[in-house]
Amino acid sequence: MGTLSGKLALVTGSNSGIGLGVARELAAQGADIVINSFTDRPEDDQIAHDISNEYNVFARYLKADLQNPDECRALVAEAGNVDILVNNAGIQHVAAIEEFPTDKWNAIIAINLSSAFHTTAAALPGMYARGWGRIINIASAHGLTASPYKSAYVAAKHGVVGLTKTTALETAEVDITCNAICPGYVLTPLVEAQIPDTMAKYEMDRETVVREVLLERQPSKQFATTEQIGQTTVFLCSDAAKQITGTTISIDGGWTAL
Ligand code: NAD
């Protein structure tokens, strides 16, 4: 029996990267798991199946495109009694503000910020009714600091930190907490996708791009890992973290200390 046995965790955007790492760590503590993405591939069900087998928990995959507010709310309703909500789904686009495509701006705000509002709104009534809930928003170092050419992402992630604080204040008198985890760079498909363009732009090899560009602001010069983010999520669900609410936890190798 793990410390989270009997709890149901919904992790948005969890068929890959950080979300999958978080889902696995929660399952390792006995939580039942809902995996989500917008895709409809056999691999998605397989991911849930593998988690179920490996950790002996109930796990399933639910498709929902979190760009759509109705699908965000329907996902929570379909998931069941969500005790742990991890708002993780996110995308990136890099361009100067004057060239930033409006559709990319809208998609990033919808997926990275508004989806967390809709899932939280849909999950809170059940958490209040059961008197317990943990909401963990996966923000970013870009929720606390900015970088050029990432206007939508930085705006959305700062918004997530604001939403986290407001959710925490509204739930403060109940055993419901809401916190944001702010990772620096983690080597996931989202970051991997930025490497080829950066190599071409600066005429650098991969190793130089990783050290000089991606990890330039990460003093440890190491990527954070999905396991570290998952284990921090587990900590935020523990009794030791009962009084931790409305705050941010950086996992960024010292980036925000600069
Ligand atoms: P990833 O690309 O591996 O995963 C993103 C997940 O979001 C995938 O499961 C994808 O299917 C899902 N997703 C995308 N659009 C969706 C939509 N419309 N509906 C439902 N799901 C959708 O990326 P990642 O690096 O694991 O990123 C996960 C989160 O962590 C994001 O919010 C990202 O901003 C944040 N983050 C990542 C890093 C990093 O360095 N990788 C750093 C800080 C914060």
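Look up a bit, the structure's there.
Scope of this entry: the structure provided in the associated data block. (Residues numbered from 1 in each chain as written. Predicted model: local features only at pLDDT ≥ 70, side-chain atom pairs only at ≥ 80, totals over all residues. Heavy atoms only, no water.)

Comments concerning the overall build of the protein chain
What counts here: Put simply, DSSP marks the helices as runs of H or I at least four residues long and the strands as runs of E at least two long, and each gets a number from the N terminus on. Three exposure classes are used, based on accessible area relative to the maximum for each residue type with a 1.4 Å probe and protein chains only: buried under 20%, partly exposed in between, and exposed over 50%. Whether two residues touch is decided by their heavy atoms; if any such pair falls within 4.5 Å, the residues are in contact. For accessible areas, the Shrake-Rupley method is used with a probe of radius 1.4 Å. Any residue's cover is judged against the shown protein chains and nothing else. His residues and chain termini do not enter the charge count, which takes Lys and Arg as positive and Asp and Glu as negative. The atoms used to mark charge sites are NZ of Lys, CZ of Arg, CG of Asp and CD of Glu.
Along the protein chain, the regular secondary structure elements total nine helices and seven strands. The dimensions of the protein chain, computed from C-alpha atoms along their principal axes, are 55 × 40 × 35 Å. A buried classification covers 49% of the 258 residues belonging to the protein chain. For the protein chain, contacts bridging at least 24 residues in sequence account for 73% of all contacts bridging at least 6. About 11800 Å² of surface is accessible on the protein chain, with carbon and sulfur atoms providing 52% of the total. In the protein chain, 18 positive and 29 negative side-chain charges are present, and the distance between their average locations comes to 4 Å.

Some remarks on the packing of aromatic side chains
Test applied: Two aromatic rings, drawn from Phe, Tyr or Trp (for Trp, its six-membered ring), form a pair once their centres lie within 6.5 Å of each other, and the interplanar angle then sorts them: stacked below 30 degrees, edge-to-face above 60, tilted otherwise. Only when the NZ atom of a Lys or the CZ atom of an Arg is both within 6 Å of the ring centre and within 35 degrees of the ring normal do we say a charge sits over the ring.
All chains considered together, the criterion is met by one aromatic pair. The cationic tip of K7 hangs over the ring face of W132; the distance from NZ or CZ to the ring centre is 4.0 Å.

Notes on the nonpolar core
Generally speaking, soluble globular proteins have nonpolar side chains that are buried together. Cut-off, in case you're wondering: Think of a nonpolar core as a cluster: buried Ala, Val, Leu, Ile, Met, Phe, Trp, Tyr and Cys residues, connected wherever their side-chain atoms sit within 4.5 Å.
Counting 31 residues, the largest nonpolar core has L26, I33, I51 and I84 as the members making the most contacts within it. Counting residues per element, the ones that place at least two in this core are β1 (8-11), α1 (17-28), β2 (32-37), α2 (42-55), β3 (59-63), β4 (84-87), β5 (133-138) and α9 (226-236). Among the elements that make up this core, the one with the highest residue count is α1 (five residues). Every residue in contact with I84, bar those within four places of it in the chain, is listed here: L4, K7, L8, A9, L10, L26, M127, W132, R134, I136 and C237. Counting 21 residues, the second-largest nonpolar core is a separate cluster that includes A64, I135, A168 and I176.

Quick look at the environment of Y202
One can find Y202 in helix α7 (residues 195-202). With relative accessibility at 43%, the residue Y202 sits in the partly exposed group. In this structure the C-alpha to C-alpha distance between Y202 and V213, which are 11 residues apart in sequence, comes to 9.3 Å.

Remarks on the side chain of S14
The condition that has to hold: In protein, a polar contact requires one atom able to donate a hydrogen and another able to accept it; more generally it is a pair of N or O atoms within 3.5 Å, and residues adjacent in sequence count only if both atoms are side-chain atoms.
Among the secondary structure elements, S14 is positioned in the loop between β1 and α1. When its relative accessible area of 0% is taken as the criterion, S14 is described as buried. At 2.6 Å, the side chain of S14 and the backbone oxygen of V11 are in polar contact. Filtering out sequence-adjacent residues up to four positions away, S14 remains in contact with G19, L20, V34, I35 and N36.

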